[in-house]
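# Structural features, examined
In case you want the letters, here they are:
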Amino acid sequence: MNLADNIMKITQFETFVLGTPWRNLSYIVLTLEDGTTGVGESRILGKTHTLQAYFKDIRRHIVGHEVHDIEALYRRITLLDFGVAHELEMTALAMIEMACWDCIGKLAGEPVYKLLGGKVRDRVPAYANGWYKGERTPEFFAEAALKVKERGYLGLKFDPFGNGDLELERSEFRKSIAIIEAVHGAVGDSMELHIEMHGRFAPHQAIEIARAIEPLHPAWIEEPCRPEDLQALCKVAQHTSIPIATGERLYSAHQFVELFEMRAADIIQLDPTQCGGILEAKKISSTAETYSLMVAPHNVGGIVSTMAALHLFLTLRNGKVLEHFNDFTDQFVKQTGSPYPEVVDGYFHLPEGPGWGVELDLDVIRQHPPRTVDGVIQDPGLNMFVKSEWNQRDGTR
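Before going into details, it helps to say that this report is about the structure given with it. (Residues numbered from 1 in each chain as written. Predicted model: local features only at pLDDT ≥ 70, side-chain atom pairs only at ≥ 80, totals over all residues. Heavy atoms only, no water.)

## A look at the overall build of the chain
Note the following rule: Comment: elements are numbered from the N terminus, with helices defined as DSSP H or I runs of at least four residues and strands as E runs of at least two. Our radius of gyration looks at C-alpha atoms and nothing else; its globule reference is 2.2 Å times the residue count to the power 0.38. We call a residue buried when its accessible area falls under 20% of the maximum for its residue type, exposed when it is over 50%, and partly exposed in between, using a 1.4 Å probe and counting protein chains only. We call two residues in contact whenever any of their non-hydrogen atoms come within 4.5 Å of each other. Here the open area of atoms and residues is found with the Shrake-Rupley method and a 1.4 Å probe, where only the protein chains shown may cover a residue. None of His or the chain ends enter the tally, which takes Lys and Arg as positive and Asp and Glu as negative. Positions of charges follow a simple convention, taking NZ of Lys, CZ of Arg, CG of Asp or CD of Glu.
Helix and strand content of the chain: 13 helices and 17 strands. Compactness check: the chain gives a C-alpha radius of gyration of 21 Å against a globular reference of 21 Å for 397 residues, within 12% of the reference. Residue burial in the chain is summarised as follows: out of 397 residues, 58% are buried. Long-range contacts, defined as pairs at least 24 residues apart, comprise 74% of the intrachain contacts of the chain with a sequence gap of at least 6. Working note: accessible area of the chain is about 15900 Å², and carbon and sulfur atoms make up 50% of it. Within the chain, one finds 39 positive and 55 negative side-chain charges whose respective centroids are separated by 1 Å.

Take a look at the structure:
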C-alpha cells in the first residue's frame, strides 16, 4: 500500500451553538477529503462568541492538515502562535481534537477507546448534577435527592452554599449544613454525596464546613478554595479527612503537575473538552496515576462531551466516577444526537460504533439557538457569587 493512501486531510469545518437557559454548548464538525465527518463539543463560560471567532482565526491550523496528526495539532495551537495557551485556546484545541478522534475512529472502523489503549472496564459509574433546581431549602433538596435515587444513580453532587464568597454569615452557614444533612437523611449511606464548593471559600471557612459534615462521610468536597490558590487547597487538605477534588478549571499539564507535586488533592477533575482534548486528558490522567490519584472527569456538556468522556474513562486504570447533567436539566439536550449514552442502574455502559458512535442532529441544534444582542452571543451563566438561588438555572442575572 502506498503510504500516501493513508493520508487524510481536513478540507473544511463548521461550527454551531446550542443555547440553553444557563449554558451554551459549542460544536465543531470537521470534514475530510473522502467526506468523513467528525464532531467535537464543549461549553465555555462567558466566551462563546469569542470561541466562534477564534476558530476563524486559526483556520490555518485546521484545514489542510492530516487528521491523524494529533500531536502536531497540539503543537500548532500551543506553540507556533507563541502566546501561552489558556482556557480559550485549550477549549478550541480540545474540540478540534475530539472531532479528529471521531474521524480517526470512523476511518479505522473502531470506537475511540480501542485506539487509546483499550478498555479496563465494561461500564462506568455515574453521579448526577443539575438535579436541585428549586428553592434553596432543606425540604426541597431532600425531596429532589430522592428523585435522583429513584433514577438509580450511585451518587449526586450539589452546592448548597447560595452566593457564598470567602466566608458565610452564620445563618447561611447553618442553612447550608442543614441542606447537606437533609440530603443525607433522605438518601442515606446508599448514595455518595459530592459537595460542590465552586472555589468559593477562604481556607478557614472551607475547613469549618468540612469538619461539620465529616460525620456524613461525603465522597469529596470540590474546589473548596480558588482553583489557582494551591497553598489554600493544601491547608484545607491538611485539616480534613474528606477527600479533596479539583481540576475542572485547570487547562494545561503544567498546572496539573504542580497540583500533583503539592499533594493538594485526592481526585482530579480534568475536563477533556477544555484541557486540550482526549489525548492530553489521557496523558494527565496517567501522570495522576503515578501520584496515586483518581480521576473523575468534569462533564457539563451534551451528547458528544459525555460520549468522549465515557470513551476516555473506559481506558483509565484510575477512573473513579463520571458526572452527568442531562437527566435533570435541559433534557432537550439529549435530543441533539443519537444514540444518547444513557445512565442505567447507576452506570454508563460500553458504547458501540466507530468513532464516538454518535451522530449529531443539526436540525435540533438549530432549533435552539443562543441568545444574541447586536449579533453577539450572550452567555447567561449562573452568576453564583451574586444570585443566592442560582441553582434554579433559569438564566436570570
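## Considering the sheet that holds strand S1 (residues 10–19)
The pairing of strands in a sheet happens through backbone hydrogen bonds and is either parallel or antiparallel. Rules: Paired strands, as defined in this entry, are two strands with at least two bridges between them according to DSSP. Orientation is described by axes fitted as lines to C-alpha atoms, over the contacting stretch for helices, and by angles from 0 to 180 degrees between their N-to-C directions.
The strand order across the open sheet built from 3 strands is S1-S2-S3, with neighbouring strands paired in antiparallel fashion. Strands with a single pairing partner mark the edges of an open sheet, and in this sheet they are S1 and strand S3 (37–42). Within this sheet the neighbouring strands show an average axis-to-axis angle of 20°, counted without direction. Relative to S3, strand S2 (residues 24–32) runs antiparallel, the two sharing 6 bridges. Counterpart to Thr31 in the pairing with S3 is Thr37. Relative to the sheet, helix H1 (residues 48–57) contacts S1 and S2, its axis offset from that of S1 by approximately 170°. Lying on the sheet, helix H4 (residues 87–108) is in contact with S1, S2 and S3; it crosses S3 at an angle near 150°.

## Some thoughts on the environment of Asp345
Looking at the element boundaries, Asp345 is found in the loop between strand S13 (343–344) and strand S14 (347–349). Note on Asp345: relative accessible area 62%, which makes it exposed. Taking C-alpha positions, Asp345 is 26 Å from Gln392, a pair spaced 47 residues apart along the chain.

## Details of the pairing of strand S5 (residues 155–158)
Two faces belong to every sheet, and in a regular strand the side chains alternate between them. The criterion, for reference: Here is how to tell: hold the view so the strands point away, follow the path from the first strand over the helix to the second, and if it runs clockwise the crossover is right-handed.
Residue alternation in S5 divides its side chains into two sets, Gly155 and Lys157 and Leu156 and Phe158, and both sets are buried. Pairing of strand S4 (residues 123–128) with S5 involves 2 bridges; the strand directions are parallel. The residue of S5 that forms the bridge with Ala128 is Leu156. Where S5 meets strand S6 (residues 192–196), 4 bridges bridge the pair, whose relative direction is parallel. Following the sheet pairing, Gly155 is matched in S6 by Glu192. Regarding the hand of the β-α-β motif, the stretch spanning S5, helix H7 (residues 170–187) and S6 is right-handed.

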